[in-house]
Amino acid sequence: MPVHRVGLVAHQGRDAAREAAGVVHAWCAAHEVPCTEIDVWSADQHRRSAREEARAAGDPDLVVTLGGDGTFLRGARIAVKTGATVLGVDLGKVGFLTEVPAADIATALDAVHAGHAPVEERMTLTVRASRLPEVPAELESSFCYGRGPALPPPQTRPESTAGDGWGLPLDVNALNDVVVEKLARDHQVGVGVYISGRLLAAYSADGLVVATPTGSTAYSFAAGGPVLSPHMDAVVFTPIAAHMTFNRTVVAAPDEPVALRILPHSGRAAVSIDGQLRGVLDPGDWIGVYRAPQRVRLVRLQPTDFYGRLRERFRLTDAPATATDGESAPFFRPDSCVPPDLAGLRLPPPTAAR
């Protein structure tokens, strides 16, 4: 299906991103496709909600991001509201989301325009809250120092109702994670954690992460959580520096919501969605995090090699003791017809096609 309108998110602090933006603009001009820059980095630019950004850009059907994973997340939050696909151009260092090299931008755009680029879908999270979160004026400047303008406070989803006792449905999506963490260095956050409506435990910790499988390699991983395949659906709960014996990750089913209630003795807590501060919770406030009906649609030029990326990004090396055994032989890398019992499995392409 041809591209009708492009929204461009470029990390304007990088020379490579500005050069790549010129390539995108030139391609769009040559194909008579409107192109609008959205969610820009300029310090004097007013940031808008995802729906407002999409509307202002004419509801693009393709969002191109030029930068690392942070830039990609900025584009994904906009694309998910309209069902647009996201083409992430890799200009970062340790990212997992962007895969298209800068040298292949025109080729990738051609493939998307011709309908030849496969699209991969990823699970997102959304949130209900006891009240609309907001950042107090006295804290906003310190939170945003060195990070540019903050996003506006979340609003309720227009297609949803509050429901008696079910909280307010926030118009947000997280591709990576929703994080609740302490505000004061000397005061941990106390949180009661409920899974599927049942109390799991009360935590005293630096913070708590509720992540998607895509986000399992981000903050959740840094806090000691497991790596999950991004091709699955699950809700991953990981405490950060918990002062209790049970400090392990819990991997819940995708239909099992995770609710976090700030306990009366706790300090205030900050709520971040995909690394963007979205509000402050007081004792007694709560949020519920659960699988959203919307999914992020990612453009791929070839099947995702997640585990190759994992090995590369984390620089996984074989143990020195195995050096005498030589290089590991390929396994499940078919160079001939796939046997019937392996048909339907997710396998790498034949070597000749690499």
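What you are looking at is a predicted structure, and each value in this text was computed from that prediction instead of being measured.

Description of the overall build of the chain
For the chain, the helix and strand inventory stands at 7 helices and 17 strands. Relative to the globule expectation of 20 Å for 354 residues, the C-alpha radius of gyration of the chain, 21 Å, shows essentially globular dimensions. Expressed as lengths along the three principal axes of its C-alpha atoms, the size of the chain is roughly 60 × 55 × 35 Å. For the chain, the residues scored as buried account for 45% of the 354 residues in total. Residue pairs in contact within the chain that sit at least 24 positions apart in sequence constitute 71% of those at least 6 positions apart.

Describing the nonpolar core
Ranked by internal contacts, the top residues of the largest apolar core, which has 32 residues, are Val 178, Val 193, Val 210, Leu 260 and Ile 287. Apart from the residues lying within four places of it in its own chain, the contact partners of Val 178 are Val 127, Leu 208, Val 209, Val 210, Val 271, Ser 272, Ile 273, Ile 287 and Val 289. By size, the runner-up hydrophobic cluster in this structure holds 25 residues, among which are Ala 17, Leu 87, Val 100 and Leu 109.

Some thoughts on the sheet that holds strand β12 (residues 235-240)
The strand order β13-β12-β11-β8-β15-β16 describes an open sheet built from 6 strands, whose pairing is antiparallel. Lying at the two open borders of the sheet, with one neighbouring strand each, are β13 (250-252) and β16 (276-281). Each adjacent strand pair in this sheet contributes to an overall mean axis angle of 20 degrees, direction not counted. Note that strand β8 (residues 177-182) and strand β11 (residues 207-211) share 5 bridges and pair antiparallel.

Points about the domain arrangement of the chain
Looking at the chain, the domain boundaries give domain 1 (6-118 + 300-309) and domain 2 (125-293). A straight line from the C-alpha centre of domain 1 to that of domain 2 covers 27 Å. Every contact between the two is made by 18 residues of domain 1 and, on the other side, 20 residues of domain 2. At the boundary of domain 1 with domain 2, total buried surface from both sides reaches about 1,500 Å², with 62% on carbon and sulfur atoms. Sorting the residues of domain 1 by area buried against domain 2 places Arg 47, Leu 73 and Phe 306 first, and these three jointly supply 38% of that buried surface. Counting the contacts that link domain 1 with domain 2 gives 2 salt bridges. Ionic pairing is found between Lys 81 and Asp 171, a salt bridge with its closest N-O pair at 2.9 Å.

Thoughts on the packing of aromatic side chains
With the rule as written, the count across this model stands at 5 aromatic pairs. The interplanar angle of 70 degrees and the centroid separation of 5.3 Å between the aromatic rings of Tyr 203 and Phe 237 together place this pair among those described as edge-to-face. Remark: Phe 237 occurs in strand β12 and Tyr 203 occurs in strand β10 (residues 198-205); sequence separation between them is 34 residues. Of the residues examined, Tyr 203 reaches a relative accessible area of 2% and is grouped as buried. Here the aromatic rings of Phe 221 and Phe 314 are separated by 4.7 Å at their centres, their planes lie at 25 degrees, and the arrangement is stacked. One end of the pair, Phe 221, is in helix α6 (residues 219-222); the other, Phe 314, is in the segment after α7 (306-313), with 93 residues separating them in the sequence. Accessibility expressed as a relative area gives 30% for Phe 314, which makes it partly exposed.

Some thoughts on the side chain of Lys 81
Its location among the elements puts Lys 81 in helix α3 (residues 69-82). By relative accessible area, Lys 81 is classed as buried at 16%. Among the polar contacts listed, one links the side chain of Lys 81 to the side chain of Asn 173, at a separation of 2.7 Å.

A few points about the UniProt feature "binding site: NAD(+)" (unreviewed entry) in the chain
Listed under "binding site: NAD(+)" (unreviewed entry) in the UniProt record, and renumbered for this structure, are Asp 69, Gly 70, Arg 74, Asn 176, Asp 177, His 187, Asp 206, Ala 241 and Gln 276. What stands out for the annotated residues spanning 208 residues is how far apart their C-alpha atoms range, the widest pair being 30.8 Å apart. Tracing the backbone shows Gly 70 in helix α3. Along the chain, the position of Gln 276 falls in strand β16.

Some thoughts on α7
Here α7 has its buried residues at Phe 306, Arg 309, Leu 310 and Arg 313. End-on, the buried residues of α7 take up no more than an arc of 105 degrees, which puts them together on one face. Where α7 is buried, its residues meet β4 (85-90). Downstream of α7 by a residue or two, Arg 315 has a phi angle that is positive, lying close to 50 degrees.

Thoughts on the UniProt feature "active site" (unreviewed entry) in the chain
Annotation from UniProt places "active site" (unreviewed entry) at Asp 69. Assignment of secondary structure puts Asp 69 in helix α3. Once you skip the residues sitting within four places of it in the chain, Asp 69 turns out to touch Gly 95, Phe 96, Leu 97 and Thr 98.

Topic: the pattern of salt bridges
Tallied over the entire structure, the rule returns 20 salt bridges. A salt bridge links Arg 77 to Asp 39; its shortest N-O distance comes to 3.4 Å. Here the residue Arg 77 occupies a position in helix α3, and Asp 39 occupies one in the loop between β2 (35-37) and α2 (50-56), the gap between them amounting to 38 residues. For Asp 39, a relative accessible area of 2% corresponds to the buried category. With a shortest N-O distance of 2.6 Å, Asp 171 and Arg 51 are connected by a salt bridge. Of this pair, Asp 171 sits in strand β7 (residues 168-174) while Arg 51 sits in helix α2, placing them 120 residues apart in sequence.

What counts and what doesn't
Residues numbered from 1 in each chain as written. Predicted model: local features only at pLDDT ≥ 70, side-chain atom pairs only at ≥ 80, totals over all residues. Heavy atoms only, no water. Helix = DSSP H or I, 4+ residues; strand = E, 2+ residues; numbered from the N terminus. Rg over C-alpha atoms; globule rule 2.2 N^0.38 Å. Buried < 20%, exposed > 50% of the residue type's maximum accessible area, 1.4 Å probe, protein only. Contact = heavy atoms within 4.5 Å. Core = buried A, V, L, I, M, F, W, Y, C linked by side-chain atoms within 4.5 Å. Pairing = 2+ DSSP bridges. Axes fitted to C-alpha atoms, helices over the stretch in contact; angles between N-to-C directions. Domains from an automatic or database assignment. Buried area = accessible area lost by both parts, 1.4 Å probe. Salt bridge = Lys/Arg side-chain N within 4 Å of Asp/Glu carboxyl O. Phe/Tyr/Trp six-rings, centres within 6.5 Å; stacked < 30°, edge-to-face > 60°. Polar contact = N/O pair within 3.5 Å; in protein donor to acceptor, adjacent residues only side chain to side chain. UniProt positions renumbered as here; feature names shortened; annotations may be inferred. Arc of directions from axis to C-beta.

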